[in-house]
Amino acid sequence: MSNRSSSKRSGALSLALLVLVLVLGLGAGAVLWLWKGITLGTPMEAVQAAAAAGGPCDGKPAKLYRNPMGAPDTSPVPKKDSMGMDYIPVCEDESAPENGNVVKVSLDRVQRLGVRSEVVEERALARAVLTFASVQYDERRQAVVAPKFGGWIEKLYVNATGDVVMAGQKLFEVYSPELNVLQQEFMLSRGTPQSGAEGRLRNLDYPEADLEKLRRGDRAPRTIGVPAPEAGTVVEKMAVKGMRYQPGEVLFRIVDMSVMWVLAEVYEQDLAFVKVGDTAKVTINSWPDRPFSGRVTFIYPSLGKESRTARLRIEVANSEGLLRADMAATVEIEAPIPGRWVAVPDSAVIDSGKRQVVLVERGEGRYEPRPVKLGARVAGYVQVLDGLKPGERVVTAATFLIDAESNLRAALAAFTAGETK
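The following paragraphs examine the structure supplied in this document. Per chain, the residues get numbers from 1 upward, laid out in the order the sequence is written. The predicted origin of the model limits local features to residues at a pLDDT of at least 70 and limits the giving and counting of side-chain atom pairs to 80 or more, whereas totals for whole chains, interfaces and linings rest on all residues. Only heavy atoms go into the side-chain values, all of them from the structure, while hydrogens and water stay out.

1. Thoughts on the overall build of the chain
Part 1: Each helix is a run of H or I in the DSSP string that is no shorter than four residues. Each strand is a run of E no shorter than two, and both are numbered from the N terminus. A count of helical and extended segments in the chain gives 8 helices and 25 strands.
Part 2: Out of the 421 residues belonging to the chain, those deemed buried represent 34%.
Part 3: Residue pairs at least 24 apart in sequence account for 69% of intrachain contacts in the chain once pairs closer than 6 positions are excluded. Only protein chains enter the calculation, and the probe is 1.4 Å; a residue is then buried if its accessible area is under 20% of its type maximum, exposed if over 50%, and partly exposed in between. We call two residues in contact whenever any of their non-hydrogen atoms come within 4.5 Å of each other.

Quick look at the structure:
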């Protein structure tokens, strides 16, 4: 009897164990089935519910998810783009502007965007005007030899272009019948002022030394030497030994090349920043590593109709004779802007062509897009004429990303407003 009851208890225990194993197996299968259903075949409503359970906006669900590459498409649920990048959540508090104009970005987003800012200061500004130019002779240091009397060149002392001459140096000797007649007349009427021979000789630039010899009673020379009127370099020589020339004919052109002119073409929009007296750095293509210093001495009164450029005259010392006419040059003019001005880094300005905006930092991830009126653009900075005060902070990095996000929010707000009407 006891053996039968013992066997019944063993059978019941085995049956209970079997039922427990079956229940555990069915439970695990159900859990696995539910997990696969959520990850592989979950309907859109279930995904939204799962996203809402633990939202990315401080535990709250996101209003929408936008494309990470800035494309206009959005999604109500988390998703990936064609490149496998997660869409970025847009929170409720971020999509609503503060005070109607301030854009709020989460501090985490600020760090991820790499936002940097800088304090607005007043600065001494100087604009660098860069332009092309050409080297020319100084027009005030040129002279020509064009005798007022005709004759024949019998002896030529300077017979090559490029020769350097001194003032008063004899260039050639000429036989002039006209001068010979006046010399004889002066000799015959010496001491008689009524003849006027001396005056006519002076009018023809007769050499003073030869005239003194005539006064002393010396014999009149057959030929007359013609001196150089100025010191310089012979750049043109038309005189040839034995040639006959007419009165006023140019025989030599002499230029003093100790100072050269650099004529620069400045665009019309840069003309307001250049004035007489500004320092200029001239770089010649032949010696790019050897800049020459000069100064703006004159701004020509006319403007090129087609080129829309104005010509500047820059005087440059040429003591070593390295500068030659018609050389190509590059000119950089430092044009200081009088006074101190509010200026921001050029990376802080968002310029759409019709508007210029900077993002003013208001603290705790808040940024105010503020229109500004700009002036001159200098090296790395932009002059601000209106819209900013010293001490304010402006965004200098990631300005485009914040501006793009604010524009997207404005578009969404307008779209939502249209639906509510």
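2. A closer look at the pattern of salt bridges
Part 1: Take a side-chain nitrogen of Lys or Arg and a carboxyl oxygen of Asp or Glu: if they are within 4 Å of each other, that pair is a salt bridge. All told, the structure shown has 26 salt bridges when counted by the stated rule.
Part 2: In this structure, Arg140 and Glu315 form a salt bridge, with 2.4 Å as the shortest nitrogen-oxygen distance. One end of the pair, Arg140, is in the loop between β6 (121–137) and β7 (142–145); the other, Glu315, is in strand β18 (residues 309–317), with 175 residues separating them in the sequence.
Part 3: Overall, Glu315 belongs to the partly exposed group, its relative accessible area being 24%.
Part 4: Two residues, Lys281 and Glu332, come together in a salt bridge whose shortest N-O distance is 3.8 Å. Separated by 51 residues along the polypeptide, Lys281 in strand β16 (residues 279–284) and Glu332 in strand β19 (residues 328–345) bring together distant segments of the chain.
Part 5: The network of salt bridges with shared partners includes Asp138, Arg140, Arg141, Asp256 and Glu315.

3. A closer look at the packing of aromatic side chains
Here a ring pair, both rings aromatic, is described through the centre-centre distance and the interplanar angle of the planes.
Part 1: Centre distance within 6.5 Å is the pairing criterion for rings of Phe, Tyr and Trp, where only the six-membered ring of Trp is used; planes under 30 degrees apart are then read as stacked, over 60 as edge-to-face, and the remainder as tilted. What the rule picks out here adds up to 4 aromatic pairs.
Part 2: Taking the centre distance of 6.4 Å and the plane angle of 80 degrees together, the rings of Phe172 and Tyr245 count as edge-to-face. Of this pair, Phe172 sits in strand β10 (residues 170–175) while Tyr245 sits in strand β13 (residues 244–245), and the two are 73 residues apart along the sequence.
Part 3: Take Tyr245: its relative accessible area is 0%, and that puts it in the buried class.
Part 4: Three or more aromatic residues joined by ring pairs form one cluster here, namely Phe172, Tyr245 and Phe252.
Part 5: The rule is short: NZ of Lys or CZ of Arg within 6 Å of the ring centre and within 35 degrees of the ring normal puts a charge over the ring. Over the face of the ring belonging to Tyr175 we find Arg222, whose NZ or CZ atom lies 4.7 Å from the ring centre.
Part 6: Above the plane of the ring of Trp152 lies Arg244, whose end atom (NZ or CZ) is 4.9 Å from the centre.

4. Thoughts on the sheet that holds strand β9 (residues 164–165)
Part 1: Paired strands are those between which DSSP finds at least two bridges. Taken together, the 4 strands give an open sheet; going across it, the order is β7-β14-β12-β9, and neighbouring strands pair in antiparallel fashion. Unpaired on one side and paired on the other, β7 and β9 mark the two borders of the sheet.

5. So, the nonpolar core
Part 1: By size, the foremost hydrophobic cluster in this structure holds 29 residues, and its most contacted members are Ile153, Leu171, Phe172, Leu201, Tyr245, Leu251 and Phe252.
Part 2: Of all elements in the fold, only β8 (151–156), β10, α5 (177–188), α6 (197–203), α7 (208–215), β11 (224–227) and β14 (252–255) reach the threshold of two or more residues within this core.
Part 3: Once residues within four sequence positions are removed from consideration, Leu171 is found in contact with Val145, Leu156, Tyr157, Val158, Val165, Val226, Pro227, Ala228, Phe252 and Ile254. As used in this record, nonpolar core signifies buried Ala, Val, Leu, Ile, Met, Phe, Trp, Tyr and Cys residues forming a set joined through side-chain atoms within 4.5 Å.

6. Structural notes on the sheet that holds strand β1 (residues 64–66)
Part 1: Pairing is antiparallel across the open sheet formed by 3 strands, whose spatial order is β2-β1-β3. Here the strands that pair on one side only, and so sit at the sheet edges, are β2 (74–75) and β3 (88–90).
Part 2: Where β1 meets β2, 2 bridges bridge the pair, whose relative direction is antiparallel. Opposite Tyr65, over in β2, you have Ser75 as the bridge partner.

7. Examining the pairing of strand β24 (residues 381–386)
Part 1: Pairing analysis gives 3 bridges linking β19 to β24, with the strands arranged antiparallel. Within β24, the position partnered with Pro345 by the bridge is Tyr381.
Part 2: Where strand β23 (residues 373–378) and β24 come together, 4 bridges link them in antiparallel fashion. Each residue of the ladder has a partner; that of Val378, found in β24, is Tyr381.
Part 3: What sits between β23 and β24 in their antiparallel hairpin is a turn of 2 residues, with Gly380 showing a positive phi close to 85 degrees.

8. A word on the packing of α5 against α7
Any two packed helices are characterised by how steeply their axes cross, that is the angle between the axes, and by the distance between the axes.
Part 1: Working convention: axes come from line fits to C-alpha atoms, limited for helices to the stretch in contact. Angles between N-to-C directions cover 0 to 180 degrees. For the pair α5 and α7, interaxial distance at closest approach is 10 Å and the crossing angle is 35 degrees. Across the interface between the two elements, Gln183, Phe186 and Met187 from α5 touch Leu211, Leu214 and Arg215 from α7.
Part 2: Ten residue types, Ala, Val, Leu, Ile, Met, Phe, Trp, Tyr, Cys and Pro, are classed as nonpolar, four, Asp, Glu, Lys and Arg, as charged, and the remainder, Gly among them, as polar. Along the lines of polarity and charge, the residues of the contact of α5 with α7 split into 4 nonpolar, 1 polar and 1 charged.

9. Here's the deal with α5
Part 1: Given a helix with a known number of residues, its expected span is that number minus one, times 1.5 Å. The terminal C-alpha atoms of α5 lie 17 Å apart, and with 12 residues this matches the ideal 16 Å at 1.5 Å per residue to within 8%.
Part 2: Listing the buried residues of α5 in full gives Leu179, Asn180, Leu182, Gln183 and Phe186. Considered in projection along α5, the buried side chains sweep an arc of 165 degrees and stay on one side of the axis. Exposed and oriented more than 90 degrees from the buried face of α5 are Val181 and Leu188.
Part 3: In this fold, the buried residues of α5 make contact with β10, α6, α7 and β11. It is the directions from the helix axis to the C-beta atoms whose arc is reported.

10. Considerations on α7
Part 1: Looking at α7, one finds that the buried residues are Asp210, Leu211 and Leu214. Seen along its axis, α7 keeps its buried residues to an arc of 100 degrees; they face one direction.
Part 2: Elements in contact with the buried residues of α7: α5, α6 and β11.

11. Some details on the environment of Ile284
Part 1: By the secondary structure assignment, Ile284 is in strand β16.
Part 2: Residue Ile284 is classed as buried on the basis of its relative accessible area of 1%.
Part 3: With residues up to four places along the chain from it excluded, the contact list for Ile284 reads Val135, Phe292, Leu323, Met327, Ala328 and Ala329.

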